[in-house]
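Single-letter residue listing:
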Amino acid sequence: MPLLEVTQLTKHYQGGSGHVTALEDVSFALEGGRLLGVLGPSGSGKTTLLSLIAGLLRPSSGEVRLGGSAVHLRSARESAAFRREHVGLVFQDHHLVPYLSALDNLLLVPHLRGRVRKADRQHASHLLTEFGLEHRAYHAPAELSGGERQRVAIARALMNSPEIMLVDEPTSNLDTERGQQVLELLRDQVHRGAMTCVMVTHDPRMAAQADQTLRLVDGRVVTNSAAS
Amino acid sequence: MLAVKELLGSKLKFGLIALAIGLVVSLTMLMSAMSEGLVTGMTGAKRSLDADALVFQGDTALSLERSMLTDEDLAVISSAAGVAEAYAVGHLIVTVRGPQGSFDAHVFGLGGAFDQLPITEGEPRSPTANEAIVDATAAAEGVGVGDTLSLTPLPGELRVMAFTESRRYIMAPAVYVSLDTWRSLRAASLLAPRSTQGSETGTEQGGDGADGPPIYATAALAGTASIMAVRLSPGVTPSDLSATLSPAFEVATPEEASLAGNGMNVMVLAVNGIQLVSLLIGAMVIGVFFYITTLHKSGQIAAVKALGASNYYVYRQLLVQISILVTLATVIGVGLALGAGSGMPPAMAFDPNPARWVLSLLAVYATAYVGSLFSLRSILLIDPATALDRAEH
């Protein structure tokens, strides 16, 4: 049984210029322990898809099921609790809290769950070491390079040992070499930890390195590598 | 965690806003102390009379200056149902010639109950004839314990036997004497000026002949006290006493009586109005500051909400920051207010009342939290989905 099932997912917006269809009739499935690359031009609905899977948005119609559980039926409060416990989010602009050190940014995740235990501190230190950031643990985001910030953001997303990681354009602000490093980091985490990851990207070279690729154009799936 | 770390990470920004709120707090504290000082200075001697109720002559609007009770009145009040104890109080405005010049004073004749006066210097006992317990603010006029005060235009003199405190009336020191001394001073105040104008009967205590004192003076001399201070039996209220007595009397608590007359209610209203405006300004400063801060970091808040933070969590962080800032501002504000108060001349109405300061500070906290509601609205409106690429929406 697939970990993630998206069925006939549609999302309309009421924008300033009228009715906008961001996603239309999108369906696909993703097995656990695999990296899905969602590819498409700007405005194709990639990020909307990510938001719907994360429970940040509610679909106009269709279903999102994660581990058999209906994400699309959850209230905002339930979705927030679900993300705290089971989802790792990596934003395009990393969104690290500027006044927290790299270590504290990681500890924010258990803090939001209610309590920072000694094991959480050990886990955070371990992740920073694994990502080659142990010497940057007490540095603020402003003191880190773009690549370091993105690595801290990925480490933060791993703090709750998520079932699924949702990653939005992780390499868009990085040069090719650093982008490749970040992607390898993600692949390594997915394959070592048997974790599932959905990565949105506009870069075909990055998407090509995923286990499965979904190509979106104008809110519709035009290619699903799993189906071919 | 987030709240405190953000404060520590932006010390200058939050320090400046704490200073701004601190200035508002100090203004509020100053207004509170000046309001209290004004009330004490204007009515301290009246308000602090040790009594459950004060009984005035009817139709005098609780005015100490206009009320006059006769022997018969005092007897009626003393024997009224519900009255446990009563003592007469006389009031008279005089001019005192002190070591540094003349100043106004209010002579209060007490028919007992002198132990109600807190003695700060001198002998703690009831004054004998021509002795007085004087409010300590008279020291600013060069008066000391043991001095003899000359009263003008009266022929009397009073020896200062002790100082008391917080007993002023209409911003002038109160001078406490025995009721007998007060009666003789009052008689002199009514008659002595006429004797200097050549009246042959000016020193008489009455008389209704063609050569006697004018009828109004005779009528006034019949009064033996200005008001009566009453301690009520358990369970009896001033309203009960008012209902018992005839309409020829007015009954009020010392607090109510202190706010009547001399424009006191208008003055207190004005000072309280300034305090209220100060609090509103404080609420606006805090509200607008945190509203702008919240808007400024809406992307960050969206990201934290996307990671799973609830609106309650985000708002709680805001409340923690407000609490810390207002506490810091309170320390700054109280320090500034006390510093300003200590630099004021003794004649200035500045009388910090701890209970009122605590109330004012609670009001500052309350208005700060009300101000935070601006931010709560924007927190609720921040969509966590915007933490992801907004361009797609």
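Not measured: the values here are computed from a predicted model.

Asker: Go over the sheet that holds strand S7 (residues 164–168) of chain A with me, naming the residues and quoting the values.
Answerer: Residue and element names in this part refer to chain A. A sheet is described by the order of its strands in space; here 6 strands give the open sequence S6-S7-S8-S3-S9-S10, paired in mixed fashion. Each edge of the sheet is formed by a strand with only one pairing partner; in this case those strands are strand S6 (87–90) and strand S10 (220–224). Pairwise comparison of adjacent strand axes, ignoring direction, gives a mean angle of 20° for this sheet. In the sheet, S7 pairs with strand S8 (residues 196–201) via 5 bridges, with the strands oriented parallel.

Asker: Hey, could you go over the interface of chain B and chain A for me, with residue numbers and the actual values?
Answerer: In this assembly, 23 residues from chain B lie in contact with 30 residues from chain A. When the two sides are added together, the surface that chain B and chain A hide from each other amounts to roughly 2,500 Å², 66% of it contributed by carbon and sulfur. Where chain B packs against chain A, one counts 1 salt bridge. Ionic pairing is found between aspartate 104 of chain A and lysine 5 of chain B, a salt bridge with its closest N-O pair at 2.6 Å. Put simply, chain B and chain A have 6 residue pairs in polar contact (both at pLDDT 80 or more) between them. Mapped onto the side of chain B that touches chain A, the elements with two or more residues apiece are helix H1 (2–9) and helix H9 (298–306) of chain B. A total of 6 residues in the side of chain B that touches chain A trace back to one element, the largest contributor, which is H9 of chain B. Across the side of chain B that touches chain A, the residue classes break down as 12 nonpolar, 5 polar and 6 charged.

Asker: Explain the pairing of S8 of chain A to me, using residue names and the numbers behind them.
Answerer: Regular strands place their side chains on alternate faces of the sheet. Residues and elements named next belong to chain A. A large share of S8 lies buried, amounting to 6 of its 6 residues. Judged by which residues are buried, S8 turns out to be covered on both faces: Thr196, Val198 and Val200 on one side and Cys197, Met199 and Thr201 on the other are all buried. Where strand S3 (residues 35–39) and S8 come together, 5 bridges link them in parallel fashion. Residue pairing across strands places glycine 37 opposite methionine 199, the latter belonging to S8. On the question of chirality, the crossover connecting S7 to the parallel S8 by way of helix H6 (residues 176–193) is right-handed.

Asker: Lay out the sheet that holds strand S5 (residues 69–70) of chain A in plain terms, naming residues and giving numbers.
Answerer: Residue and element names in this part refer to chain A. The strand order S2-S1-S4-S5 describes an open sheet built from 4 strands, whose pairing is antiparallel. Every other strand in the sheet has two partners, leaving strand S2 (18–30) and S5 as the edge strands with one partner each. The sheet contact formed by strand S1 (residues 4–15) and S2 spans 9 bridges and is antiparallel. Bridge assignment links lysine 11 to a residue of S2, and that residue is leucine 23. Each of S1, S2 and strand S4 (61–66) touches helix H1 (residues 46–54); the most contacted strand, S2, lies at about 65° to it.

Asker: I'd like a description of the layout of surface pockets, backed by residues and values.
Answerer: Rolled over the atoms, a probe as big as a water molecule pinpoints where empty space is left. One number sums up the size of the largest pocket: a volume of about 470 Å³. Along its surface, the largest pocket is lined by 26 residues, and Ala76, Arg77, Ala80 and Arg83 of chain A together with Asn311 of chain B are the ones closest to its centre. Of all the secondary structure elements, the ones that give two or more residues to the lining of the largest pocket are helix H2 (76–86) of chain A together with helix H10 (311–342) of chain B. For the lining of the largest pocket, the residue count by class is 13 nonpolar, 6 polar and 7 charged.

Asker: Could you give an account of a nonpolar patch on the surface, naming the residues involved and the relevant values?
Answerer: On the surface, a nonpolar cluster with roughly 530 Å² of combined accessible area is contributed by Met284, Val288, Tyr291, Ile292, Leu295 and Phe374 of chain B. Secondary-structure assignment places valine 288 of chain B in helix H8 (residues 264–296).

Asker: Describe in detail the domain arrangement of chain B, supporting the description with residues and values.
Answerer: All names here are of chain B. Domain parsing of chain B yields domain 1 (2–43 + 265–392) and domain 2 (53–252). With 9 residues of domain 1 at the contact, the number on the domain 2 side is 6 residues. Both sides of the domain 1 and domain 2 interface together cover about 610 Å² of buried area, and 60% of this is carbon and sulfur. Along the contact surface separating domain 1 from domain 2 lie 0 salt bridges. There are 4 residue pairs in polar contact (both at pLDDT 80 or more) connecting domain 1 and domain 2. Its residues assigned to classes, the side of domain 1 that touches domain 2 shows 5 nonpolar, 4 polar and no charged.

Asker: A description of the pattern of salt bridges should follow, citing residues and the corresponding values.
Answerer: Pairs can form between side chains of opposite charge whenever their charged atoms are close. Counted according to the given criterion, the structure contains 18 salt bridges over all chains. Among the ionic pairs, glutamate 130 of chain A bridges to arginine 192 of chain A, the shortest N-O distance being 2.0 Å. Pair noted here: glutamate 130 of chain A is in helix H4 (residues 118–130) and arginine 192 of chain A is in helix H6, with a separation of 62 residues, a long-range link. Residue arginine 192 of chain A is classed as exposed on the basis of its relative accessible area of 53%. We note a salt bridge from arginine 192 of chain A to aspartate 188 of chain A, for which the minimum N-O separation is 3.1 Å. Placement of the pair is arginine 192 of chain A and aspartate 188 of chain A together in helix H6, with a separation of 4 residues, close to one helical turn. Members of the salt-bridge network, linked through shared partners, are Glu123, Arg125, Glu131 and Arg159 of chain B.

Asker: Break down the packing of aromatic side chains for me, with residues and values.
Answerer: Residue and element names in this part refer to chain B. Under the definition given, this model contains 6 aromatic pairs over all chains. With centroids separated by 5.8 Å and ring planes inclined at 90°, the aromatic side chains of phenylalanine 108 and tyrosine 169 adopt a geometry described as edge-to-face. A residue pair is termed long-range when its members are at least 10 positions apart, and phenylalanine 108 in strand S4 (residues 101–110) and tyrosine 169 in strand S9 (residues 168–169) qualify at 61 residues. For the pair phenylalanine 108 and tyrosine 169, one class covers both residues: buried. Measuring from centroid to centroid gives 5.0 Å for phenylalanine 289 and phenylalanine 290, while their planes differ by 85°, and the two rings are edge-to-face. The class for phenylalanine 289 is buried, based on a relative accessible area of 15%. Feature note: the residues Phe14, Phe289 and Phe290 constitute an aromatic cluster, connected by ring pairs.

Scoring rules and cut-offs
- Residues numbered from 1 in each chain as written.
- Chains lettered and ligands numbered in written order.
- Predicted model: local features only at pLDDT ≥ 70, side-chain atom pairs only at ≥ 80, totals over all residues.
- Heavy atoms only, no water.
- Pairing = 2+ DSSP bridges.
- Helix = DSSP H or I, 4+ residues; strand = E, 2+ residues; numbered from the N terminus.
- Axes fitted to C-alpha atoms, helices over the stretch in contact; angles between N-to-C directions.
- Contact = heavy atoms within 4.5 Å.
- Buried area = accessible area lost by both parts, 1.4 Å probe.
- Salt bridge = Lys/Arg side-chain N within 4 Å of Asp/Glu carboxyl O.
- Polar contact = N/O pair within 3.5 Å; in protein donor to acceptor, adjacent residues only side chain to side chain.
- Nonpolar A, V, L, I, M, F, W, Y, C, P; charged D, E, K, R; others polar.
- Buried < 20%, exposed > 50% of the residue type's maximum accessible area, 1.4 Å probe, protein only.
- Right-handed = clockwise from strand over helix to strand, strands pointing away.
- 1 Å grid on protein atoms, 1.4 Å probe; cavity = no way out; pocket = protein on both sides within 12 Å on 5 of 7 lines; lining within 4 Å.
- Points joined across faces, edges and corners; volume = space filled by probe spheres on them.
- Patch = residues over 30% accessible without salt bridge, like charges linked within 9 Å, V, L, I, M, F, W, Y side chains within 5 Å.
- Areas by Shrake-Rupley, 256 points an atom, 1.4 Å probe, with all protein chains shown as cover.
- Domains from an automatic or database assignment.
- Phe/Tyr/Trp six-rings, centres within 6.5 Å; stacked < 30°, edge-to-face > 60°.

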